[in-house]
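Listed below are the residues making up each chain.
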Amino acid sequence: MWMFGVGFLVHLIFFASVFDIYFRTPLSHGMTPHLHQQQPAAQRLVLIVADGLRADALYDNVNHTTRAPFLRSIIEKKGTWGVSHTRVPTESRPGHVAIIAGFYEDPSAIAKGWKENPVEFDSVFNESRHTWCWGSPDILPMFASGSERGHIETFMYKAEEEDFASSDASKLDKWVFEHVKDFFKEAIEDKKLTERLQEDRIIFFLHLLGLDTNGHAHKPHSEEYLKNIEIVDEGVEKLVELFEDFFKDQKTAYVFTSDHGMTDWGSHGAGDPSETETPFVAWGAGVALPKDPSEFKDKMIYDARIEKWGLSHVRRHDLHQADIAPLMASIIGIPIPVNSVGILHVEYLGASDQYKSEALFANARQMLAQYQQKRAQKEEETLPIFYWPYTVLTLDRELESLATIRNHLKSANYEDANTESLHLISMTQHGMDYYHHYDRLALSIHIALGFLGWIFLMICHLLRDHSAVLRMAGGTIEGRRVSRSSVLMALVLVVWGITNLTKLIGQQHPWQHYLYLMTPVGLWGLVHHSCAPLRVAWLLVSSFNMVWEVAIRILFIFLGIEILVMAFFIRPMLSVGLLCIGLWPVIMYSMQGAVERSMRLVWIGACILLASFTYMPVVGKEPYYPMVEIAGLTAFSLGGIVIYWCSSDGGLPRHIPSVVYIQGMMVVGSVYLVHSTAFSIRQKEGLPYINQVSAWGLLVLSFILPLFGSRNVMGRLLSVTASFLCPFLLLCIRHEGFFYIAITIAMFLWLLLEFYLAGNNVQIAMLKFATWSREKSEGGERVLEWSDVRRAYFFLFFIVLAFFGTGNIASVNSFDPSFVYCFITIFSPFIMGGLLLFKIIIPFLLVTCFFHAICTLIEIPTRALFYMFLVMSDFMALHFFFLIRTEGSWLDIGTSLSHYVISMATTLFLILLLFIAKVLTTFNITKAPKEGDCVLPRVSVSRPHRD
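Each chain carries its own residue numbering, running from 1 in the direction its sequence is written. For this predicted model, a pLDDT threshold of at least 70 governs which residues receive local features, and a threshold of 80 or more governs which side-chain atom pairs are given and counted, while totals over whole chains, interfaces and linings are taken from all residues. No hydrogens and no water enter the side-chain calculation; it runs on all heavy atoms of the structure.

Trainee: Quick rundown of the overall build of the protein chain? Include the residues and the values.
Mentor: Strands here mean DSSP runs of E at least two residues long; helices mean DSSP runs of H or I at least four residues long; both are numbered from the N terminus. Within the protein chain, the secondary structure is distributed over 35 helices and eight strands. A total of 947 residues make up the protein chain; the buried ones form 58% of that total. Here, two residues are considered to be in contact whenever any of their heavy atoms come within 4.5 Å of each other. Counting contacts in the protein chain only where the partners sit at least 6 residues apart, residues at least 24 apart contribute 80% of the total. A total accessible area of about 39,700 Å² is found for the protein chain, and carbon and sulfur atoms account for 62% of it. In this scheme, a residue with accessible area under 20% of its type's maximum is buried, one over 50% is exposed, and one in between is partly exposed, where area comes from a 1.4 Å probe on protein chains only. Values of accessible area rely on a 1.4 Å probe in the Shrake-Rupley scheme; residue burial ignores everything except the protein chains shown.

Trainee: Tell me about the sheet that holds strand E4 (residues 152-156), and please be specific about residues and values.
Mentor: Note: two strands are recorded as paired if DSSP finds a minimum of 2 bridges between them. Taken in spatial order, the eight strands of this open sheet run E4-E3-E5-E1-E6-E7-E2-E8, and their pairing is mixed. Lying at the two open borders of the sheet, with one neighbouring strand each, are E4 and strand E8 (319-320). Summarising the sheet, strand E2 (residues 79-85) and E8 pair through two bridges and their orientation is parallel. Residue pairing across strands places serine 84 opposite leucine 319, the latter belonging to E8. Running over the sheet, helix H8 (residues 171-189) touches strand E3 (130-135), E4 and strand E5 (202-208) and is turned about 150° from E5. Only the stretch in contact is used when a helix axis is fitted, and all axes are lines through C-alpha atoms; the angle between N-to-C directions ranges over 0 to 180 degrees.

Trainee: Which residues make up helix H15 (residues 353-381), and what are the values?
Mentor: Multiplying 1.5 Å by the residue count of a helix minus one yields the expected span of that helix. With 29 residues, H15 extends 42 Å from end C-alpha to end C-alpha; this agrees with the ideal 42 Å at 1.5 Å per step. Among the 29 residues of H15, 21 are classified as buried, and the element is accordingly described as predominantly covered.

Trainee: Lay out the side chain of asparagine 500 in plain terms, naming residues and giving numbers.
Mentor: With respect to the helices and strands, asparagine 500 occurs in helix H20 (residues 484-506). Owing to a relative accessible area of 5%, asparagine 500 belongs among the buried residues under this scheme. Among all residues touching asparagine 500, those that are not within four sequence positions of it are His446, Leu517, Met518 and Val521.

Trainee: Please provide a residue-by-residue account of the packing of aromatic side chains, values included.
Mentor: Any two of the Phe, Tyr and Trp rings considered here, Trp counted by its six-membered ring, make a pair once their centres fall within 6.5 Å; the pair's planes then place it as stacked at under 30 degrees, edge-to-face at over 60, or tilted in between. Within the structure shown, the criterion is met by 59 aromatic pairs. On the numbers, 5.5 Å between centres and 45° between planes, the contact of tryptophan 750 with phenylalanine 798 is tilted. Separated by 48 residues along the polypeptide, tryptophan 750 in helix H30 (residues 736-758) and phenylalanine 798 in helix H31 (residues 786-804) bring together distant segments of the chain. Neither residue differs from the other here; tryptophan 750 and phenylalanine 798 are each classed as buried. Each residue in the set Phe70, Trp132, Trp134, Phe155, Phe183, Phe184, Phe204, Phe243, Phe246, Phe247, Tyr254 and Trp283 is aromatic and connected to the rest through ring pairs, giving one cluster. In this scheme, Lys NZ or Arg CZ marks a charge over a ring once it lies within 6 Å of the ring centre and within 35 degrees of the ring normal. Looking at arginine 87, its charged tip hangs above the ring of tyrosine 104, at a distance of 3.8 Å from the centre. Of note, arginine 365 hangs over the ring of phenylalanine 361, and the distance from its end group to the ring centre comes to 4.6 Å.

Trainee: Tell me what's going on with the nonpolar core, and back it up with residues and numbers.
Mentor: Generally speaking, soluble globular proteins have nonpolar side chains that are buried together. Note on terminology: a nonpolar core comprises buried Ala, Val, Leu, Ile, Met, Phe, Trp, Tyr and Cys residues joined through side-chain atoms within 4.5 Å. Counting 163 residues, the largest nonpolar core has Phe798 and Tyr900 as the members making the most contacts within it. Apart from residues lying up to four places away in sequence, phenylalanine 798 is in contact with Leu578, Ile581, Trp603, Leu610, Ile743, Met747, Trp750 and Val847. Leu47, Ala101, Val124 and Tyr348 belong to the second-largest nonpolar core, a separate cluster that totals 63 residues.

Trainee: Just give me the short version of the environment of histidine 11, but keep the residues and values in it.
Mentor: Position of histidine 11 relative to the elements: it lies in helix H1 (residues 2-22). Each C-alpha atom of the pair histidine 11 and tryptophan 454 lies 9.4 Å from the other, and the pair is 443 residues apart in sequence. Polar contacts here mean pairs of N or O atoms no more than 3.5 Å apart (in protein, one a potential hydrogen donor and the other a potential acceptor; neighbouring residues in sequence count only if both atoms are side-chain atoms). At 2.8 Å, the side chain of histidine 11 and the side chain of aspartate 874 are in polar contact.

Trainee: Please provide a residue-by-residue account of the packing of H30 against helix H33 (residues 829-857), values included.
Mentor: Viewed as axis vectors pointing N to C, H30 and H33 meet at an angle of 10°, and their least axial separation amounts to 9 Å. Relative to H33, the element H30 is oriented roughly parallel. Where H30 abuts H33, its residues Glu736, Tyr740, Ile743, Thr744, Met747, Phe748, Trp750, Leu751, Glu754 and Phe755 lie against Lys839, Ile842, Leu846, Val847, Phe850, Phe851, Ala853, Ile854 and Leu857. Small angles under 35 degrees read as roughly parallel and large ones over 145 as roughly antiparallel, with 65 to 115 read as roughly perpendicular and the rest as oblique.

Trainee: Give me the lowdown on empty space enclosed by the protein, citing residues and values where you can.
Mentor: Buriedness for pockets is judged along seven lines, at least five of which must meet protein on both sides within 12 Å for an open set on the 1 Å grid over protein atoms alone, while cavities are sets there where a 1.4 Å probe fits but cannot get out, and lining residues have an atom within 4 Å of a point. Grid points are joined across faces, edges and corners, and a volume is the space filled by probe spheres set on the points. Summed over all chains, the structure comprises seven cavities of 30 Å³ or more. Size it by volume and the largest cavity reaches roughly 80 Å³. If you go around the largest cavity, you meet 14 residues; those closest to its centre are Phe568, Ile799, Val800, Met876 and Thr906. Sorting the residues of the lining of the largest cavity by element identifies H31, helix H34 (862-883) and helix H35 (890-922) as the ones contributing at least two each. Element by element, the count of residues in the lining of the largest cavity is highest for H31, at five residues.

As structure tokens, then:
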């Protein structure tokens, strides 16, 4: 147990390290805001964010008709437009932070909550004199919290209004427009409020959630979504009339954009262009008027959709989402948020050349202040012998660049001033990246060495405790002479440890770095202490001339792991592995009997069936609930066949069918709940309360009912399979239920094959009498064989298959509430995310239960096979660690990080799931085994295994 505890802790450290190495918060504090002295044309700004609005959905001009005539007239006559490019993850909170604060948020915010700021950051709202916000309770509080001056006021509807099953989610947008209208009616009678509204540097923020909700519920091409665009367009038109009638000074600027887009099937979170491309339209005071593309020397961004949008006659200016914050700040003359990494696009400014240059220079100084703060912080916390400064932007180079820009501004050479400002911004961005990633290389090397240390430690323990190495070497190896290489390794470890401690104690490092730098030292110290079996194994292999044989076996293991690595990028690669697994009993064993040959053919068919799922589209693009219902009824029928087989000849105890029958009725009930809920939501009647209570009740019962089974192996596995099928069906929207059936069939066949091939003249029919109350072999636990390595690899392969059988990285990252409609329809990210995570874990748990059963039946130490699983999975994780990209598109970087995070999270989960599987399969609430719980005659594993 202590090894499992140490393993869990080590993997937890490795898992957390990636967030400190690659996901560390980019924020610095202590910078002074920078503001130019020019007078802005706008006194106030209205920011309108249509949550979940795709760029093409707004700009499309099919048959010369548009869904947003007012905004199109703005683009063509009064404003400037473009496409705003977001970053992964395309979720609401990161998108709004990028728009309003100008930086891409620390991903730790996901774990801290949507209504809490894990770190304090500056925003255009903070820099404004007053800000009024209307919209969702999931977005507005995070910008209002921490406002010391209390100048940010929010008006929100109740969270219960965000119902994905509602008949018309556009009511959320209508609520916002109506309350803005009521606000100005109140201002007419409230003199103090009127005085505040007449001040400069004020912002109005409207968050429109209707499009996002309708997109999730009805998909972006639905009538509800398209009608919602028309409602938003009409609302914006009336809003502009309201502002112009109230202020009458023509000093209001407007910005219309979206936080993220949405796929055709109504999800977001990944990096598809439909998710990352959002509309951006700005107009009003201080904003440039439309330009003809022919007026510019450089060519406009080529996009075939321009013709489809009917906007080829208007100049397009694209920008990144973080660039919106400095633009809004420059329009109304407030300091750019000190944490912003956005670049001001002067093409959007309708002001003099001097104003544009001064604003861009303020942007450059704001970015330089962040760079200077990061440099000073790193100099302060690093010992001189370990400090290497960023040589491209030294203090002298900073002063020279600033002086050059000021001279250009003084001589009214604004074009050169802009060029130099952009060059300074570019240097500061690279410099900030340099200091932000300063410790990345050292930490990455130590984590990689830690992986290797843990892998070698597991191999040493396997050779010592679960192999015949020491027995073949003549017993104990204690007291052997210490070799010169052993002394050298000990010396290296001591020097390594002292160097790391000196670096940690002498510098200001966070406490996590102590773990990242010292854990590898400790692991290699344990390897040094336990490596004697590894040396003995090498001597035995070399003395028996088995080096090439062992090398070939290890090569095949690496090839198998490579197939799994490639499956993370190309799902159909799993079919290659399934083909090899399907042919395994054909190639490695001779099975002469008719029953054995039939079982072999069925096994090949099950592998082919599983392989077919890797070629199907990922689940989530379009719900089709009749397929879920058919899968549930099919599973019910197959379960009856298995019960009949197991119950024949007294295989199952008498009371087992009663528990399984209850679970069978639960499966039928789950099918009815899926049908009833889908019908109710399709009729726009919402989630029936009785359905919701029943779904949660079935979820709880799925963990409890297996504990009432007996110790009969087949009966308990059947009970576990039926129990977890119920919540799995409730979380399905398409063909996932058939995948659950297919992998369950494959697991039962794997169990049958392992049972038959491990025994000697033991009939398969004897398996129905097997129980968990196995007696120990007289000689204790048997030693491991090469066939056990194959079993551990099969376990790892089926775990990866359980993850990628119906999805991929993008489908996991994407948010689609339709999966959880049987449980909840009100927006609640953590409950919904937890349910989706549970759906992913169910196949893991199923495979783990069967793996534990195989280990029990053929008397393999479960922990030994699990050690081998950890070795293989850690090799896979180490592979992904080396593949992590730090350059290229954010989609590529995010995907490579997701591969590592998912592989490590899977290993962590399985360490816990093995314990849960053991409880589900062996723990019994009933006291003693009932009559009929026979113990299977011991299986002999003495015959050699060719694999």
